[in-house]
Each structure stands twice: as C-alpha cells, then as structure tokens.
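Observations on the three-dimensional arrangement
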Amino acid sequence: MTADWPVPAGLHAASVPLPVEGELASFGGATGWLNSEPLTAAGLRGRVVLVSFWTFTCVNWLRQLPYVRAWADRYAGQGLVVVGVHTPEFGFEHQPANVRRAVADLRVGYPVAIDSDYGVWRAFGNHYWPALYFADAQGRIRHHQFGEGGYQQSEMVIQRLLAGAGSGGGSQELVPVEPGGIEAQADWDSLRSPENYTGYERTENFASPGGAAPGQPRAYAVPERLALNEWALAGDWTMGAQATTLNAPGGRIACRFQARDLHLVMGPAAQGAAAGYRVLLDGQPPGPAHGLDVDAEGNGTATEQRLHQLIRQPGPVAERTFEVTFDDSGLQAFSFTFG
C-alpha cells in the first residue's frame, strides 16, 4: 500500500481504501499443525485472518512477535484468526520437535502450520521473514506487511476488517505492547551492522588469513585487526554451506560490530549435547553489556540450536570487538544478527 497512514483515528474513518491484493491461499502444503487441527482457506470464510510467516531463529520476527501475540489475544473474541506459518531457513528448523519447542518457549498460542516443505510459502508467493497477510471475511487479501514495523497501521487494518465483517465494535484504542528481552525493538539509530552468515554460501567480510576452505577442515586464525563488520575464525573449523562447525575444543569466533545487541544463531549439532562458551567484549568480560544467554563474566552454555543473545549494551553504542570461545567441539554457528 502507498497510503499515507494518519494517526489511529484517521483510518477508522474509512477514508483510506484497502485494495484487494488476491485471495487467501491454501494451507494444504503444511506438513503438520500445532495448537489446532488443520485449517483451510474455505473453512476460515466469515473470519478475518492474519497469516504470519516466521522461522524461529529470525530476530526480525522475534521483534514482531509481541505485537502479533497481542492482536491474537485482543481480537480473537471479535472474529480474528491468527495463523502462524513456520517456514524454516536452516536445516534444524525443519525438525517438528524443534518447532514445537520454540512454540512453547516463545508463547505462541495461536494455530501454527508447519511448512517444512515450503508448500504454504509457495502458495502465497511469499519471499520474506517475517511477512503478514491480512484477509477479510470473504477470503480476500487486503493488506500485507513485509519485515518489521508498521504495527499501528497493521492493527488499524485488523480493526477495519473486523468492522467490515460486522464483528468489531470494540475499542478503537490500540493494544499496548511493551516488548522486552529478546523481543525488544532494535536500537535503529545506532545500528551499523547487518545480518551475516557463517556458511560459505552467504557469508560476507570473512577476514581470516587465507580465506575460507569450503567444506574442508582447516586451522583458522583471527587477524590482528578487524574492520567494522568483518568476522573471523580461530581454531579447527569446517565451513559448510549453511553453518560452520567446530572440530576441536577451543575454537573462537570474532567480529567487529556496532549495535546495541549481538545475537548468534548456534548450538551443538548433536541432540542432547551441550557446548560451553565464554564471551569477551573488547577483550574483557561483558559485565553489564552481557546478553540474555550470558552472565556478566561472559559465560554461557548452548544446549540447543537457536538464536542466542550474547551482547546487549546498556550505554552509548560504538564500534566494539566481540569474541566467543567454545569449550567443546561439535558446535555449529549459522549467522550473526544485530539490534
């Protein structure tokens, strides 16, 4: 949409038309369902539907989640159905048990279609995590939101569609949302580091001397100096297409970044294993800058493959050097994200 969205009262006046963008696509490609029996587009006729595409390691979706959760809670009684579609990015996100764990840990209470074969993703012609599609009671897509943001206008669209279905009538005040923890909104003003991957297919700015040896075990080293957004390995690692795997204890990952938050998607490759690690920030324990998965001394343990928050800086944000050293082999690292 290209409409100029006003303050909340403006959209409720129905002066901004909502275009018809297509029909609510089929969920038939789902490989399983959580929190619900299988849902169909035809069976949802008469209800306003919000479809949320996500994958559980995506920090952009994690920051969108508190809003979607709040809308599901507030508007369910007025006729809104939220359908989450979990379409995986990394190999371990294809495993239903991992999706089930994430749904429980992240308090996703609405129906979730497990889309491990990308069937629903293709049916919608989707290309983004996260992505929201808003359908009216006639099964027509009337709005979409790709990526984070747009929360005010998204909720106003929900209210408009519910009113059009004759099932609204509640308060037009927007639901208060105060995200915290991993769901806290990014500090966009200080953010100068983009997402980056550790697998050779999509990595950028890899700075270990000699470069990468795709698919081959190799002893890597961290250069004396890293430029902003460069990263490097030290120790015996194998850089695969999606992930980089530690072959011997004591391996290290370093990067130069500027952001309030630093996350690393990582975890032990073997189910039930654990990998201890220690984080340093500019060569020192992080102290008050430690993330949710690290203590003030920088110590943490990875017991599952997921997004780990390793740094959250409380004060002025500047360029810093991050390092994490792992005690155990078998650790896989997938991507850095920042906030």
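Just above sits the structure.
Presented here is a report on the structure given in the accompanying data block. Just so we're clear, the structure is a prediction, and the values are computed from it rather than from any experiment.

1. Comments concerning the overall build of the protein chain
Counting secondary structure elements, the protein chain contains 5 helices and 18 strands. Here the C-alpha atoms of the protein chain give a radius of gyration of 22 Å, agreeing with the 20 Å that 2.2 N^0.38 yields for 339 residues. Principal-axis analysis of the C-alpha atoms places the extent of the protein chain at approximately 65 × 40 × 30 Å. Per-residue burial over the protein chain gives 53% buried out of 339 residues. A sequence separation of at least 24 residues applies to 73% of the contacts in the protein chain between residues at least 6 apart. Between the centroid of the 23 positive side chains of the protein chain and the centroid of its 34 negative side chains there is a distance of 3 Å.

2. Considering the nonpolar core
By size, the foremost hydrophobic cluster in this structure holds 43 residues, and its most contacted members are Leu 50, Trp 61, Trp 71, Leu 80, Val 108, Tyr 110 and Ile 158. Contributions of two or more residues to this core are made by β3 (48–54), α2 (59–75), β4 (80–86), α3 (96–105), β5 (112–114), β6 (131–135) and α5 (151–164). The leading source of residues in this core is α2, at 10 residues. If we skip the residues at most four places from it in the chain, Leu 50 touches Val 68, Trp 71, Leu 80, Val 81, Val 82, Val 83, Leu 132, Tyr 133, Phe 134 and Ile 158. Residues Trp 237, Leu 262, Phe 326 and Phe 336 belong to the second largest nonpolar core, which totals 31 residues.

3. Considerations on the sheet that holds β5
The 7 strands lie next to each other as β1-β7-β6-β3-β4-β5-β2, forming an open sheet whose pairing is mixed. Each having just a single partner strand, β1 (22–23) and β2 (32–34) make up the two edges of the open sheet. The pairing of β3 with β6 spans 5 bridges and is antiparallel. Bridge assignment links Phe 53 to a residue of β6, and that residue is Ala 131. Packing of α2 onto the sheet brings it into contact with β3, β4 and β6, and relative to β3 it is tilted by some 160°.

4. Quick notes on the pairing of strand β12 (residues 252–257)
Most of β12 is tucked away: 5 of the 6 residues are buried. Direction of pairing for strand β10 (residues 231–239) relative to β12: antiparallel, over a ladder of 4 bridges. Within the sheet, the bridge partner assigned to Trp 231 lies in β12 and is Cys 255. Sheet topology note: the β12/strand β17 (residues 320–326) ladder contains 6 bridges and is antiparallel. The partner of Cys 255 across the bridge, within β17, is Phe 322.

5. Thoughts on the side chain of Glu 93
Along the chain, Glu 93 turns up in the loop between β4 and α3. Arg 202 provides the closest opposite charge to the buried, unpaired Glu 93, separated from it by 8.1 Å. There is a polar contact of 2.8 Å between the side chain of Glu 93 and the side chain of Thr 57. In this view, Glu 93 contacts Thr 55, Phe 56, Thr 57, His 86, Pro 88 and Val 99; residues no more than four positions away in its chain are not counted.

6. Concerning the pairing of strand β16 (residues 306–312)
The side chains of a regular strand alternate between the sheet's two faces. Burial runs high along β16: 6 of the 7 residues are buried. Across 6 bridges, strand β13 (residues 261–268) lies against β16 in antiparallel orientation. Bridge pairing in β16 places His 263 opposite Gln 309.

Each value, and the rule that gives it
Residues numbered from 1 in each chain as written. Predicted model: local features only at pLDDT ≥ 70, side-chain atom pairs only at ≥ 80, totals over all residues. Heavy atoms only, no water. Helix = DSSP H or I, 4+ residues; strand = E, 2+ residues; numbered from the N terminus. Rg over C-alpha atoms; globule rule 2.2 N^0.38 Å. Buried < 20%, exposed > 50% of the residue type's maximum accessible area, 1.4 Å probe, protein only. Contact = heavy atoms within 4.5 Å. Lys, Arg positive; Asp, Glu negative; His and termini not counted. Charge placed at Lys NZ, Arg CZ, Asp CG, Glu CD. Core = buried A, V, L, I, M, F, W, Y, C linked by side-chain atoms within 4.5 Å. Pairing = 2+ DSSP bridges. Axes fitted to C-alpha atoms, helices over the stretch in contact; angles between N-to-C directions. Salt bridge = Lys/Arg side-chain N within 4 Å of Asp/Glu carboxyl O. Polar contact = N/O pair within 3.5 Å; in protein donor to acceptor, adjacent residues only side chain to side chain.

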